[in-house]
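Architecture and fold: a report
The chain contents come next:
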Amino acid sequence: MRIVVTGSTGLIGSALVRSLLADGHEVVRLVRRRSRTGPQPDGSTAIGWNPLLGQVERGGLAGTDAVVHLAGAGVGDHRWTDSYKREIRESRVLGTETLAVALAELKEPPRVLVSASAVGWYGQTGDRVIDEDSPAGDDFLAEVCVEWEAAARPAERAGIRVVHPRTGMVLSAAGGAGARLLPLFRMGLGGRLGDGRQYWSLLSLEDEVAALRFLIDRDDLSGAVNLSAPEPATNAELTAALGRALRRPTPFPVPEAVLRVVLGELAVEVVGSHRVVPRRLLDAGFRFAHPDVDAVVRSAV
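All values derive from a computational prediction rather than experimental measurement.

Cut-offs and rules
Residues numbered from 1 in each chain as written. Predicted model: local features only at pLDDT ≥ 70, side-chain atom pairs only at ≥ 80, totals over all residues. Heavy atoms only, no water. Patch = residues over 30% accessible without salt bridge, like charges linked within 9 Å, V, L, I, M, F, W, Y side chains within 5 Å. Areas by Shrake-Rupley, 256 points an atom, 1.4 Å probe, with all protein chains shown as cover. Salt bridge = Lys/Arg side-chain N within 4 Å of Asp/Glu carboxyl O. Helix = DSSP H or I, 4+ residues; strand = E, 2+ residues; numbered from the N terminus. Buried < 20%, exposed > 50% of the residue type's maximum accessible area, 1.4 Å probe, protein only. Phe/Tyr/Trp six-rings, centres within 6.5 Å; stacked < 30°, edge-to-face > 60°. Lys NZ or Arg CZ within 6 Å of the ring centre and 35° of its normal. Core = buried A, V, L, I, M, F, W, Y, C linked by side-chain atoms within 4.5 Å. Contact = heavy atoms within 4.5 Å. Pairing = 2+ DSSP bridges. 1 Å grid on protein atoms, 1.4 Å probe; cavity = no way out; pocket = protein on both sides within 12 Å on 5 of 7 lines; lining within 4 Å. Points joined across faces, edges and corners; volume = space filled by probe spheres on them.

**A look at a nonpolar patch on the surface**
Together, Leu184, Met187, Leu189 and Phe252 make up an exposed nonpolar region whose accessible area comes to about 390 Å². Within the secondary structure, Met187 is located in the loop between helix H5 (176–186) and strand S11 (199–200). Given a relative accessible area of 57%, Met187 falls into the exposed group.

Next up, the structure:
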């Protein structure tokens, strides 16, 4: 297939591109720097776009079978100032709208748009088990996710099958939260965050990529699909699993008050709880290579 990928240099995007190319698919990357367009060393091709200005090279989208849209400013990359919260929102909402409109206007649009979302859609849910039928939350990230998913509607109206993978925390040493946590735990400086009772919906990078490819191929799946391991873990359970896998002590808990001073509003997400299960993926027959916290941790270390 000819598959377009945005966010192709990020943790998930780069792993997805490698997987697709290894299986002989043609990959087209959407990139913001025109100096990086054209044939790429890995065999993919890059075309330009400016998501905030509504610009995309439509000619490069012609003949596309599927689009995987992963681009967006990193939620945990910076302290949540007003300006960075605006960047988080605009990079997702405006980027998705730009892409959805461009795809809808193609003479022959792709058959599927896999447009990223996140488990943050549900807000803070404590220890309640959450699946795709649960309502949206009302905090900042939940509001962003609701707008993010709604921005893909032009593609839906054009008859494109749209899937929103609501992804949990992808644990990997190559990037994301794992790249920050693992070095601390390797040095014996790891510990639970807050009281440790908050649920973190985790999955391995391998399962994330496999699930995205599953969503591309399954014509019977559309709308929201949770991407997280079937057995959510508390932060304390994750801490213990990391200690076991690395054979290191985990003696340094970080109090919630300290997290709020260091992280500001972002601390709400760190100590918040999402006990999300991937009901629709499991019902569709998807099998996780790493279904629980110990397996996810082993895949990352």
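**Quick word on the packing of aromatic side chains**
Tallied over the entire structure, the rule returns four aromatic pairs. Pairing Phe214 with Phe286 gives two aromatic rings, centres 5.3 Å apart and planes at 70°, and the pair type is edge-to-face. Here Phe286 lies in the loop between helix H10 (279–283) and helix H11 (293–300) and Phe214 lies in helix H6 (residues 205–217), a separation of 72 residues in the sequence. We classify Phe286 as buried; its relative accessible area is 7%. The interplanar angle of 90° and the centroid separation of 4.9 Å between the aromatic rings of Phe286 and Phe288 together place this pair among those described as edge-to-face. Given a relative accessible area of 12%, Phe288 falls into the buried group. Three or more aromatic residues link up through ring pairs in this structure, and these residues are Phe214, Phe286 and Phe288. Positioned above the aromatic ring of Trp148 is the side chain of Arg92, whose terminal nitrogen or guanidinium carbon lies 4.9 Å from the ring centre. In this structure, Arg166 packs its charged tip against the face of Trp121, placed 3.6 Å from the ring centre.

**Digging into the nonpolar core**
The biggest cluster of nonpolar side chains holds 39 residues, and the ones touching the most others in it are Leu16, Leu215, Leu227 and Leu281. Mapped onto this core, the elements with two or more residues apiece are strand S1 (2–6), helix H1 (11–22), strand S6 (66–69), strand S7 (112–115), helix H3 (140–150), H6 and strand S13 (223–227). Among the elements that line this core, the one with the most residues is H6, at seven residues. Filtering out sequence-adjacent residues up to four positions away, Leu215 remains in contact with Val112, Val114, Arg161, Val163, Pro165, Leu221, Val225, Leu227 and Leu281. Counting residues in each nonpolar core, the second largest holds 20 residues, with Leu171, Leu246, Leu259 and Val297 among its members.

**As for the environment of Glu87**
Relative to the assigned elements, Glu87 resides in helix H2 (residues 82–104). Relative accessible area serves as the criterion here: at 44%, Glu87 is assigned to the partly exposed category. Linking Glu87 and Leu53, residues 34 residues apart in sequence, is a C-alpha distance of 14 Å.

**Here we look at the pairing of S13**
In summary, the side chains of a regular strand alternate between the two faces of the sheet. Of all five residues making up S13, four are buried, and the element is well covered by its neighbours. Where strand S9 (residues 161–167) lies against S13, five bridges are found, and the strand directions are parallel. Across the sheet, the residue bridging to Thr167 is Leu227, located in S13.

**A few points about empty space enclosed by the protein**
A water-sized probe rolled over the atoms picks out the places where empty space is left. Here the structure, examined in full by the defined rule, presents two cavities of 30 Å³ or more. Computed from the structure, the largest cavity encloses a volume of approximately 40 Å³. If you trace the largest cavity, you find it lined by Leu181, Phe185, Gly191, Leu193, Trp200, Asn235, Leu238, Thr239 and Leu242. Among the elements that line the lining of the largest cavity, the one with the most residues is helix H7 (residues 235–246), at four residues.

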